[in-house]
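# A closer look at the structure
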Amino acid sequence: MSQKRLVDCQWLADQVTKGAVNQEGLRVLDCTFKPGPKLDPTEFKSTYYGQWEKLMEKPSEHTIDFSKSHIPGAVHANIDVAMYPGDTERFALYPPQLFEEYIQRLGVNQGDHIVLYDRGMNGGMMFAAKFWWLFKTYGHDNVSILNGGFHAWQKGNNPVSSEVVQLPKGDWKANLRSGLNVTFEELTTKQEDGRDLIDKADEVNFLDARKKEQFHGEEETGLNPKTVNGSHIPGFINVPVNQLVDSNGLLKSPADIKAFASSKGFREGKPIITCCNLGIQASLLTFALSLVDEQYPLRLYNGSLKEMEIRAPQRISAKE
Ligand SMILES: O=S(=O)([O-])[S-]
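Rules and cut-offs
Residues numbered from 1 in each chain as written. Predicted model: local features only at pLDDT ≥ 70, side-chain atom pairs only at ≥ 80, totals over all residues. Heavy atoms only, no water. Helix = DSSP H or I, 4+ residues; strand = E, 2+ residues; numbered from the N terminus. Rg over C-alpha atoms; globule rule 2.2 N^0.38 Å. Buried < 20%, exposed > 50% of the residue type's maximum accessible area, 1.4 Å probe, protein only. Contact = heavy atoms within 4.5 Å. Areas by Shrake-Rupley, 256 points an atom, 1.4 Å probe, with all protein chains shown as cover. Lys, Arg positive; Asp, Glu negative; His and termini not counted. Charge placed at Lys NZ, Arg CZ, Asp CG, Glu CD. Pairing = 2+ DSSP bridges. Axes fitted to C-alpha atoms, helices over the stretch in contact; angles between N-to-C directions. Near = heavy atom within 4 Å. Polar contact = N/O pair within 3.5 Å; in protein donor to acceptor, adjacent residues only side chain to side chain. Nonpolar A, V, L, I, M, F, W, Y, C, P; charged D, E, K, R; others polar. pLDDT = per-residue confidence, 0-100. Phe/Tyr/Trp six-rings, centres within 6.5 Å; stacked < 30°, edge-to-face > 60°. Lys NZ or Arg CZ within 6 Å of the ring centre and 35° of its normal.

## A closer look at the overall build of the chain
Along the backbone of the chain there are 14 helices and 11 strands. Here the chain has a C-alpha radius of gyration of 19 Å; the compact-globule value for 320 residues is 20 Å, and the two agree. Dimensions along the principal axes, computed over C-alpha positions, put the chain at roughly 55 × 45 × 35 Å. Residues classed as buried in the chain amount to 55% of the 320 residues present. The contacts in the chain between residues at least 6 apart in sequence include a share of 78% that link residues at least 24 apart. Carbon and sulfur atoms make up 49% of the accessible area of the chain, which amounts to about 13900 Å² in all. Taking the 36 positively charged and 41 negatively charged side chains of the chain as two groups, their mean positions are separated by 2 Å.

The structure is reproduced here in structure tokens:
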């Protein structure tokens, strides 16, 4: 069984043909997602928080897209179920025992090789990358992303299905790791030298994964111009992840990813913290950089700019 973090359609098609999906420790999760407005956190807590049946039955455009057509044997994994609207984060992390319950309901077992894909922007890999980061955060490393997502799969005339498989509950266990997420508190806590972490751009690669138009405030980001005085956090450099996907929707090579990041100001040997609007585009940048070097000290600011807008709007500005 391949353990590569980026798998191609041919490899997955071979697994489908030989009947390995859902049989030989291989699970395929379709992470298709269409972002909607954030639900009121208080209302969500009282109605939906951890209520898997209710959450999984809730109709959404992404579940409809999934049920119409997906890779045979794939199960839909929904970010709006796996995470919840927090007071400051659009997608907040459930405690491990709750995340574990959801993943078990997807039929995932301990030690499974999980292959993720989605469809849409950034080669159908952006929401898959959010799940990659979630699995890593909850202690599961045997996770791959399908290069080019569902579009590449369809383009290659590979089989699709509308059958929604119901797998028996899995025995997957979450084992929360610290260090892959950086919180607002950590970013704004004084270090030994008296400076907040977020003010140490000389020591940390702060990378903003958004499209350059969003970074420069020329395109809608969801930030309220009445609240913030610009479109990015000074100290963060822009490494637009959409430019790491080629014209065929495939992720560029690790050498090209590294060269591109370096051309934007990335410095080898320094810790990396990524951000974007809500922590989604940044997940794909984090994944891409992990392909360059698995040992890179990579952390994602899950709350990203939308949380910063709520908690410290003065940190968002037009300055470099
Ligand atoms: O992808 S995003 O979190 O910037 S909306």
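Resuming the write-up.
## Points about the sheet that holds strand S1 (residues 6-7)
Two orientations exist for strands paired in a sheet by backbone hydrogen bonds: parallel and antiparallel. Spatially, the 5 strands line up as an open sheet ordered S1-S7-S6-S2-S3, and their pairing is parallel. Each of the sheet's edge strands pairs with one partner strand only, and the pair in question is S1 and strand S3 (75-76). Where strand S6 (residues 113-117) and strand S7 (residues 143-146) come together, 3 bridges link them in parallel fashion. When the bridges of S7 are listed, Val115 appears paired with Ser144. Across the sheet, helix H8 (residues 126-137) touches strand S2 (26-30), S6 and S7, and the angle it forms with S6 is around 150 degrees.

## Overview of the site of the ligand
Around the ligand, the neighbouring residues are Cys276, Asn277, Leu278, Gly279, Ile280 and Gln281. Gly279 places a main-chain nitrogen or oxygen 3.2 Å from an oxygen atom of the ligand. Within the side chain of Gln281, an N or O atom sits 2.7 Å from an oxygen atom of the ligand. Taken together, the residues of the shell around the ligand sort by class into 3 nonpolar, 3 polar and no charged.

## With respect to the sheet that holds strand S8 (residues 205-208)
Spatial strand order, S9-S8-S10-S11: 4 strands in an open sheet with parallel pairing. Looking at strand neighbours, the two that pair on one side only are strand S9 (237-238) and strand S11 (298-300), the edges of this open sheet.

## Looking at unusual backbone geometry
Even without glycine at this site, Asn22 takes up a positive phi of about 70 degrees. Tracing the backbone shows Asn22 in the loop between helix H1 (9-17) and S2. Note on Asn22: relative accessible area 16%, which makes it buried. Unusually for a residue other than glycine, Asn122 sits at a positive phi of about 55 degrees. By the element assignment, Asn122 lies in helix H7 (residues 121-124).

## Regarding the pairing of S6
Regular strands place side chains that alternate from one sheet face to the opposite one. With 5 of 5 residues buried, S6 lies mostly within the body of the structure. Every second residue of S6 is oriented toward a common face, with His113, Val115 and Tyr117 on one face and Ile114 and Leu116 on the other, all of them buried. Sheet topology note: the S2/S6 ladder contains 5 bridges and is parallel. Looking at S6, one finds that Leu29 is bridged to Leu116.

## Quick notes on the confidence of the model for the chain
The predicted model of the chain has a mean per-residue pLDDT of 96, with 99% of residues at 70 or higher. Among the scores for the predicted complex, ipTM is 0.91 and pTM is 0.97.

## A few points about the packing of aromatic side chains
Counted under the stated rule, the structure contains 17 aromatic pairs. Taking the centre distance of 5.7 Å and the plane angle of 25 degrees together, the rings of Trp52 and Tyr102 count as stacked. Taken together, the positions of Trp52 in helix H3 (residues 52-57) and Tyr102 in helix H6 (residues 96-105) put the pair 50 residues apart, joining distant regions of the chain. Tyr102 gets classed as buried once you look at its relative accessible area, which sits at 1%. Clustering of aromatic rings is evident, with ring pairs tying together Tyr49, Trp52, Tyr84, Tyr94 and Tyr102. Seen from the ring of Tyr48, Lys54 lies directly overhead, with NZ or CZ sitting 5.9 Å from the centre. It is Arg119 that lies over the ring of Phe150; its NZ or CZ is 4.2 Å from the centre.

## Remarks on the environment of Asn248
Note on placement: Asn248 falls in the loop between S9 and helix H12 (254-264). With relative accessibility at 45%, the residue Asn248 sits in the partly exposed group. For Asn248 and Gly123, which are 125 residues apart along the polypeptide, the C-alpha to C-alpha distance reads 8.0 Å.

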